[in-house]
Amino acid sequence: ILGFIFDAFTLKRVDTLFENVWILAHLLIVAVFIILIHIEKNENNDEANPSKKHFWYVNILQFFFGGLFSTYLVLYFRSADIFSTWPFILLLAIAFIANESMKRHYVQLSFQISLFFLSIYSFMIFLVPVVLHKIGAWIFLFSGFVSLTLIFLFIKILFSLIQNKIEQGLPSINLLKKRIFYLISGIFIFFNFLYFTNLIPPIPLSLKNAGVYHSVGKNRFGNYVATYENQGRFGYFKLYPDFKITSGQPVYIFSAVFSPADFNLTIVHEWQHYDETQNRWITESMINLPVVGGRDGGFRTYSARKNIDSGKWRVNIKTEQNQIIGTTRFNIVPVETEEILKTITL
């Protein structure tokens, strides 16, 4: 828990050298200690009474796996619309909890390699786009290819070091290899399922700020200034807060989307209205907006619409590949007179 809190305050951007060296160092340490555990295990050859070296190797491995999954939870959560991508965030949370509570499984090589592959794949999903300055299906598939290549190289090195010391009997070795193959294949297939059903957050992108306003514009200092109505003490806890407008008054959606340096792209504001008679969301308009990468607070932009119907609305802030970066929700309530508005600098 303390490590997670530390990561939440110290990890800032997925494209900085510190964050990526931090993760890479953890991965290298995990690889080394997986090898050391099984070299020591086979030399000691007494599972009922493991050596002190083996005890410390397992604890160090658990510590650095915890550091990895804590880091991933922080970075992916910042890129997630929790209503859309909760299965992937839940998967990382389960891996984080399993690392803390399933210590007895650490002696199993297949369990270690499964967590290691999950760690490598979670890293490559955002490292490859950061390096190539692109996102999309082919980039994600390439990330998977790089992950598979790395894990199979590691397995080849590992088995070359410990194969002669594994308990005698070729069938047991073949069974172990099959188990590892099936586990890696299962993780790979599941990750691809999550991606192509838009259940993986669009990391390295993240939504820094978003909201619905009565007006949005720039002041003479180049800052965005918006007007909004006071929602009251409990208004901000509503999933669909009331947004009161007079007839013909425009509605503005502001968004600040972070993308890495030299990572320029187009995002989409998808305006959707909930049709009570059909019980489904109807897309009213799709507005394309450019995003320039590198700004800590995200690239600021907005879209607006007039003469929109009363009722529940949501604006999905998405990539062109249909991945949801975030969503702004509100409930349009027609009124006769304009509300008293407050001003905020965005």
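Residues numbered from 1 in each chain as written. Predicted model: local features only at pLDDT ≥ 70, side-chain atom pairs only at ≥ 80, totals over all residues. Heavy atoms only, no water.

Peer 1: Just checking my understanding: could you explain the packing of aromatic side chains for this structure?
Peer 2: Pairs of aromatic rings are described using the distance from one ring centre to the other and the angle between the two planes. One pass over the structure, following the stated rule, counts 28 aromatic pairs. Summarising the aromatic geometry, the rings of Phe63 and Phe64 are spaced 5.2 Å apart at their centres and angled 85° between planes, so their arrangement reads as edge-to-face. Looking at Phe63, the relative accessible area reads 59%, which means it is exposed. For Phe64, a relative accessible area of 18% corresponds to the buried category. Each ring, one from Phe88 and one from Phe191, has its centre 5.5 Å from the other, and the planes form 75°; the classification is edge-to-face. (Phe/Tyr/Trp six-rings, centres within 6.5 Å; stacked < 30°, edge-to-face > 60°. Buried < 20%, exposed > 50% of the residue type's maximum accessible area, 1.4 Å probe, protein only.)

Peer 1: What exactly am I supposed to notice about the pairing of strand S2 (residues 215-218) here?
Peer 2: One face of the sheet, then the other: side chains in a regular strand alternate in exactly this way. Relative to strand S3 (residues 224-229), S2 is paired through four bridges, and the arrangement is antiparallel. Note on S3: the bridge partner recorded for Lys218 is Tyr224. In this structure, the hairpin formed by S2 and S3 is closed by a connection of five residues, where Gly222 is found at a positive phi of approximately 85°. (Pairing = 2+ DSSP bridges. Helix = DSSP H or I, 4+ residues; strand = E, 2+ residues; numbered from the N terminus.)

Peer 1: Would you explain unusual backbone geometry in this entry?
Peer 2: Glycine aside, a negative phi is what most residues show, and trans is what most peptide bonds show. Residue Pro204 follows Ile203 across a cis peptide bond; omega there is 20°. When you line up the elements, Pro204 lands in the loop between helix H7 (170-196) and strand S1 (206-213). Even without glycine at this site, Asn198 takes up a positive phi of about 60°. In this structure, Asn198 sits in the loop between H7 and S1. We classify Asn198 as partly exposed; its relative accessible area is 24%. For Asn307, which is not glycine, the phi dihedral falls at a positive 55°. Since its relative accessible area comes to 60%, Asn307 is described here as exposed.

Peer 1: Sorry, what's going on with the nonpolar core here?
Peer 2: Generally speaking, a soluble globular protein has its nonpolar side chains buried in company with each other. Counting residues in each nonpolar core, the largest one holds 63 residues, and the members touching the most others are Tyr72 and Phe116. Elements with a minimum of two residues in this core: helix H2 (17-44), helix H3 (52-78), helix H4 (82-101), helix H5 (109-132), helix H6 (137-162) and H7. The leading source of residues in this core is H5, at 15 residues. Of all hydrophobic cores here, the second largest spans 11 residues; its members include Val212, Val251, Val315 and Ile332. (Core = buried A, V, L, I, M, F, W, Y, C linked by side-chain atoms within 4.5 Å.)

Peer 1: In this structure, what is going on with the packing of H5 against H6? I would like to understand it.
Peer 2: Helix-helix packing: each pair is described by the crossing angle between the helix axes and the interaxial distance. Two elements in contact, H5 and H6, have axes separated by 8 Å at closest approach and are oriented at 140°. Seen along the crossing, H5 lies across H6 with a hand that is right-handed. A per-class count over the contact of H5 with H6 returns 23 nonpolar, three polar and no charged. (Axes fitted to C-alpha atoms, helices over the stretch in contact; angles between N-to-C directions. Left-handed = near helix turned anticlockwise from the far one by under 90°. Nonpolar A, V, L, I, M, F, W, Y, C, P; charged D, E, K, R; others polar.)

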